[in-house]
4 protein chains.
Amino acid sequence: MFNFRTDLAVERRDLYQKANNLEEKINGIESEKEEIEENIKIERVKITNEEGEKAIGKPIGNYITLDIKKLKIAQEEEIEKYANILSNELRKILDIHVDKEGEVLVVGLGNIYVTPDALGPKVVNDIEITRHMKKYYPEYVKEGARTISAIAPGVLGTTGIETVEILKGIVDNIHPKLLIVVDSLASRSIERISSTVQLSDTGIVPGAGVGNTRAQISHDTLGIPVISIGIPTVVETAVLVNDSLDLFIEKLQQEAKSNDYLNKLKEEDNYEEIKEALLPNDYNLIVTPKEIDGLIENMSSVVSKGINLAL
Amino acid sequence: MFNFRTDLAVERRDLYQKANNLEEKINGIESEKEEIEENIKIERVKITNEEGEKAIGKPIGNYITLDIKKLKIAQEEEIEKYANILSNELRKILDIHVDKEGEVLVVGLGNIYVTPDALGPKVVNDIEITRHMKKYYPEYVKEGARTISAIAPGVLGTTGIETVEILKGIVDNIHPKLLIVVDSLASRSIERISSTVQLSDTGIVPGAGVGNTRAQISHDTLGIPVISIGIPTVVETAVLVNDSLDLFIEKLQQEAKSNDYLNKLKEEDNYEEIKEALLPNDYNLIVTPKEIDGLIENMSSVVSKGINLAL
Amino acid sequence: MFNFRTDLAVERRDLYQKANNLEEKINGIESEKEEIEENIKIERVKITNEEGEKAIGKPIGNYITLDIKKLKIAQEEEIEKYANILSNELRKILDIHVDKEGEVLVVGLGNIYVTPDALGPKVVNDIEITRHMKKYYPEYVKEGARTISAIAPGVLGTTGIETVEILKGIVDNIHPKLLIVVDSLASRSIERISSTVQLSDTGIVPGAGVGNTRAQISHDTLGIPVISIGIPTVVETAVLVNDSLDLFIEKLQQEAKSNDYLNKLKEEDNYEEIKEALLPNDYNLIVTPKEIDGLIENMSSVVSKGINLAL
Amino acid sequence: MFNFRTDLAVERRDLYQKANNLEEKINGIESEKEEIEENIKIERVKITNEEGEKAIGKPIGNYITLDIKKLKIAQEEEIEKYANILSNELRKILDIHVDKEGEVLVVGLGNIYVTPDALGPKVVNDIEITRHMKKYYPEYVKEGARTISAIAPGVLGTTGIETVEILKGIVDNIHPKLLIVVDSLASRSIERISSTVQLSDTGIVPGAGVGNTRAQISHDTLGIPVISIGIPTVVETAVLVNDSLDLFIEKLQQEAKSNDYLNKLKEEDNYEEIKEALLPNDYNLIVTPKEIDGLIENMSSVVSKGINLAL
């Protein structure tokens, strides 16, 4: 399979179309766009059959991409607005999978000690949980209020335990009706960092976008629906250089007209070569905005507010 | 039962003796002291029967208290030394409950976002885990090496889930042979903050020392031995004021000779009254050193090194 | 002089009145109260002559105390409201000392690495500065906009330099017309922690409230007006115990009727004795809410927004 | 002048030689290498005249580069060793410029809230200062001990004040004999991130390596010698892509033999083009290891210990 090196369904679809020189749409993949206002666009991608699933390597289900141009410099008022938009989309997708009172467990993936990976744990810290209130202070809980709990299980590298093993244990013990999983994603585009939010109802494969695949967190492995909310926070450095070379080769081709050698190069995927030649092995190199500490705060506010409103 | 408002077995034993004017030792409680060097003392308390258990409200088992006078201003060299001492004691208690290769799960209790409660999660972050290595990189793991995993499950107030429920799920899924639980404790004595380490093999009741009791984490609830490592990081403010008043009343009595009213006062426990009269309700007030941020770092180093060495 | 152990003018006035059994107001001290709404009160204290100055150990000038009962649990909307109220009071006091375009330097006192002392540096980080814009990007600065700069100079304990020496150097180089100094204060009352904001135009003596007096930051030492914004974040532990004993003795007196010995005790200041007897020397012990990390964030938002609005 | 986009003298020298196809050494630049042990190398570069100065755009003076291959995964023992090596080099350079008792001010440049830029402020926090001890506790200071103070003045973007303006004020007030300035650097090589330490006695131009030049901090502007300690923490993304393209073009040339178009491309500097074409403007994009939070801690330990030992 083509290695997409992105977690975003819209990017995978575009890459697939480009790689296969498709002009029409892919069988099994439906898309529709909506422009909420000048800086805010929503694209809804639906994978409807196995052909679509195979094409872009993402399971059958719904993928909603919010593009918010100014999320990075958002002030409080705008954070409130974006949270509302996210909350609307989340509510629609929730209503498909769980009833109004169905218990929800919010899971924040990632490592609190690694800035661009801290989104999930930070969001969890701001979720308004009610599960313990019902037990210890039932008088403060409105009748019919949804039971909400939340956990940041850590990452395999610091726990030694697959996240899905941890979650399986908890789900079997507390029996929520649905999981909302929040994670940092990898994207291929620098512009999407802290500008795009992807919602889906197909679960999540941690580390898939950075070639570090872990056991999936999904209806298949946990037995309950899993809704994921992801925001790109990094672009892998080798991906960026690879994409840069592609653009560069295209430019060479335009100028130098036909050139068999370049054509051959263009067809190849230079990723592994770049990785070996240019980038040392000891690190996990990422491209990220210098201001990522502050951006993570903004994104975390939008997502936690969005979830709180929707629940 | 007498409300001890401390998690430390040695403090409870002393309070019980004082409250009951006992000069000899309590039936069912054995103690021995050892002085490692001028600033480092170890006291081993053993509760041997139900009478001892009932007296001080701690289950039958071993309680080892390390007193390290200069832990608070320790430099790296001393941190290394203290970690070695802790590691020796921990190894002894481990050997009673698990064989050399038995899988261990290290659990860091507490809230990473609340400085004096962050000890557990910080320690977990520095544990050398091997469980995932055995699966993904077996070539890097020495034969016979112990399988180690670690988790910081969060606190009821931010997850909505009892810690023991989370741990039960994980233990049922990954089947460790023993748990090591690290937690911040409450003490009655300011001198013990960041100077005392208590090791025990009887599990832990989170929040017990601050009157905020949660379901216990123990062999009874999890089905495997639970070793706990606790360090006092706070004294509850009302406890401090209460103890201050006791000392003050004693002084009044000495000066004013017999005074029936004072005697009556002395017999009473003024804790609830103090709490109502002097301390507002909205807060969880604590007495803590201003330098607690730095102290937590030191303590976390000692404990994580101590555990790594012992395992 | 009486040792007030508080930075708040209103607390000092009340203590002075109580200590001297004054029922009428102190000569040289004028007060007026205003209730903005149920949970928000403002008290304006004016020290008008040397007699007032001597009575409570605070220089001639204006002291405005905002009491906001729910600051500790404030949501964004309320933070906005409190910031507006602070901004109104700040604007009034600014207008007395500097014209609309006069350059202002905002100074955040305190230590970013010590949670209850981090208020000042955190506020500085959120001030909207313009001074460098005027130099590097004048096209983005509105005509007539005030020149604003900001600095967090650190504390004597980590710099080795008196804060006033650092500020003197900067003031002499960049010539602002006025200083706004933000600092954490000590109070005598736990209820005031993160509920009270004191504004004054008389400068500041860092550490004065905790008996750790440093050279003052004022018109006298810097040659320009100094407006201070302070919020209590701690109560010194010995002060709390001392105040508790006073209340306790009062109670004893009421019950036991006249008691010469108690009367004598009551007249004494037991602070030093308490400190020696009950509290170990190596620490700087404070009473603080366990939730102080989160409270500091809230307070920092109110103050930085308040300053930004006023400037 | 050639735009080197690196703060390291050794990288500039190599780039200059390559760009000018020089095989012999540059007039006015002397170098010598020393291998301390397998993983630790020192290179001493001396710029001796204006020709050398002009060639690589660095002032006349000494540039010492320590290359420590395993700094990134260093344990405490190694951190101690590296600190000792740094301290030896620092002591040599100090002895040239100040006598044993001459007062030193340590300055940590950078922004504590931006992870890869936090090195300077973190180091300052661990410097053992003595200046205030001499004033307040002279009995604890050994006779002849050097007076040391330290400050983290913040960055222009958050203070609005040029760093040199702040330092000028402080230097004029407290009159140190020498400044040690610690800063994060930009490098052209990913391998150098957290592996290289550059010591020099020519002062520093903040932001020079990332094209964001600020007023220099040097003997010229402050009137006293300025020793700088810098560690690369980032590579600018456009620099990385540019260097990747150069390598790629070289490869194309080798395979495709002579190709005039490629030759021409190779001569050009594609930096600005890449920046415009590939990288959005709103961000300050950097390439950095994902583990940068932890790396900064290690580097900060080496530098603070190194300085403390040398002073």
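Residues numbered from 1 in each chain as written. Chains lettered and ligands numbered in written order. Predicted model: local features only at pLDDT ≥ 70, side-chain atom pairs only at ≥ 80, totals over all residues. Heavy atoms only, no water.

A. Just helix α12 (residues 292-310) of chain B, in detail. The first and last C-alpha atoms of α12 of chain B sit 27 Å apart over 19 residues, in line with the 27 Å expected at 1.5 Å per residue. Most of α12 of chain B is tucked away: 15 of the 19 residues are buried. (Helix = DSSP H or I, 4+ residues; strand = E, 2+ residues; numbered from the N terminus. Expected span 1.5 Å × (residues − 1). Buried < 20%, exposed > 50% of the residue type's maximum accessible area, 1.4 Å probe, protein only.)

B. Geometry of the packing of aromatic side chains. Residue and element names in this part refer to chain A. Applying the stated criterion to the full structure yields two aromatic pairs over all chains. Judged by centre distance (6.5 Å) and plane angle (50 degrees), the rings of Y136 and Y137 are tilted. Of the residues examined, Y136 reaches a relative accessible area of 29% and is grouped as partly exposed. Residue Y137 is classed as partly exposed on the basis of its relative accessible area of 36%. (Phe/Tyr/Trp six-rings, centres within 6.5 Å; stacked < 30°, edge-to-face > 60°.)

C. Up close: the interface of chain A and chain B. Contacts between chain A and chain B engage 32 residues on the former and 32 residues on the latter. Taken together, both faces of the contact between chain A and chain B bury some 2,600 Å²; the carbon and sulfur share is 53%. Where chain A meets chain B, there are four salt bridges. Put simply, R131 of chain B and E165 of chain A hold a salt bridge, and the shortest N to O gap is 3.0 Å. Remark: the boundary between chain A and chain B carries 10 residue pairs in polar contact (both at pLDDT 80 or more). Counting residues per element, the ones that place at least two in the side of chain A that touches chain B are α4 (119-125), α5 (131-136), β5 (148-151), α6 (156-159) and α7 (163-174) of chain A. Across the side of chain A that touches chain B, the residue classes break down as 16 nonpolar, nine polar and seven charged. (Contact = heavy atoms within 4.5 Å. Buried area = accessible area lost by both parts, 1.4 Å probe. Salt bridge = Lys/Arg side-chain N within 4 Å of Asp/Glu carboxyl O. Polar contact = N/O pair within 3.5 Å; in protein donor to acceptor, adjacent residues only side chain to side chain. Nonpolar A, V, L, I, M, F, W, Y, C, P; charged D, E, K, R; others polar.)

D. Molecular detail of the pattern of salt bridges. In this structure the tally under the stated criterion is 60 salt bridges over all chains. Among the ionic pairs, E11 of chain B bridges to R192 of chain B, the shortest N-O distance being 3.1 Å. Of this pair, E11 of chain B sits in helix α1 (residues 9-19) while R192 of chain B is found in the loop between β6 (178-186) and β7 (196-200), placing the two residues 181 residues apart along the sequence. The two residues E11 of chain B and R192 of chain B agree in class, both being buried. A salt bridge links R13 of chain B to E43 of chain B, with the shortest nitrogen-to-oxygen separation between them at 2.7 Å. Of this pair, R13 of chain B sits in helix α1 while E43 of chain B sits in strand β2 (residues 40-47), and the two are 30 residues apart along the sequence. Accessibility expressed as a relative area gives 10% for R13 of chain B, which makes it buried. With relative accessibility at 14%, the residue E43 of chain B sits in the buried group. The network of salt bridges with shared partners includes E32, E34, R44, E89 and K92 of chain A.

E. Structural view of the relation of the copies chain A and chain B. The transform that puts chain A on chain B rotates by 180 degrees and translates by 0.0 Å along the axis, for an RMSD of 0.0 Å. Those values place the two copies in the arrangement expected of a two-fold rotation axis. Ranked by how close their C-alpha atoms come to the rotation axis, the residues of chain A are headed by G169 of chain A, at 1.8 Å. Of the interface residues in chain A, 100% have counterparts in chain B that sit at the interface too, so the contact is made through matching surfaces. (Least-squares fit on C-alpha atoms with pLDDT ≥ 70 in both.)

F. The environment of K168 of chain D, seen in detail. Tracing the chain through its elements places K168 of chain D in helix α7 (residues 163-174). For the pair formed by K168 of chain D and I217 of chain D, sequence separation is 49 residues and the distance between their alpha carbons is 9.1 Å. Beyond its immediate stretch of four places on either side in the chain, K168 of chain D contacts N173 of chain C together with T221 and L222 of chain D.

G. Broad picture of unusual backbone geometry. With a phi angle near 50 degrees, N21 of chain A is a residue other than glycine that sits in the positive phi range. Assignment of secondary structure puts N21 of chain A in the loop between α1 (9-19) and β1 (29-37). Phi at H175 of chain C is positive, roughly 55 degrees, even though this residue is not glycine. With respect to the secondary-structure elements, H175 of chain C resides in the loop between α7 (163-174) and β6 (178-186).

H. Region of interest: the packing of helix α3 (residues 76-97) of chain C against helix α12 (residues 292-310) of chain C. Residues and elements named next belong to chain C. Where α3 meets α12, the axes come as close as 7 Å, and the angle between the chain directions of the two elements is 45 degrees. Classified by the angle their axes make, α3 and α12 are oblique. As α3 packs across α12, the resulting crossing turns out to be right-handed. Note on element contacts: α12 touches α3 through N298, S301, V302, V303, K305, G306, I307, L309 and A310, opposite I79, E80, Y82, A83, N84, L86, S87, L90, R91 and L94. (Axes fitted to C-alpha atoms, helices over the stretch in contact; angles between N-to-C directions. Parallel < 35°, antiparallel > 145°, perpendicular 65-115°, else oblique. Left-handed = near helix turned anticlockwise from the far one by under 90°.)

Bear in mind that shape data such as this cannot, by itself, settle questions of function.
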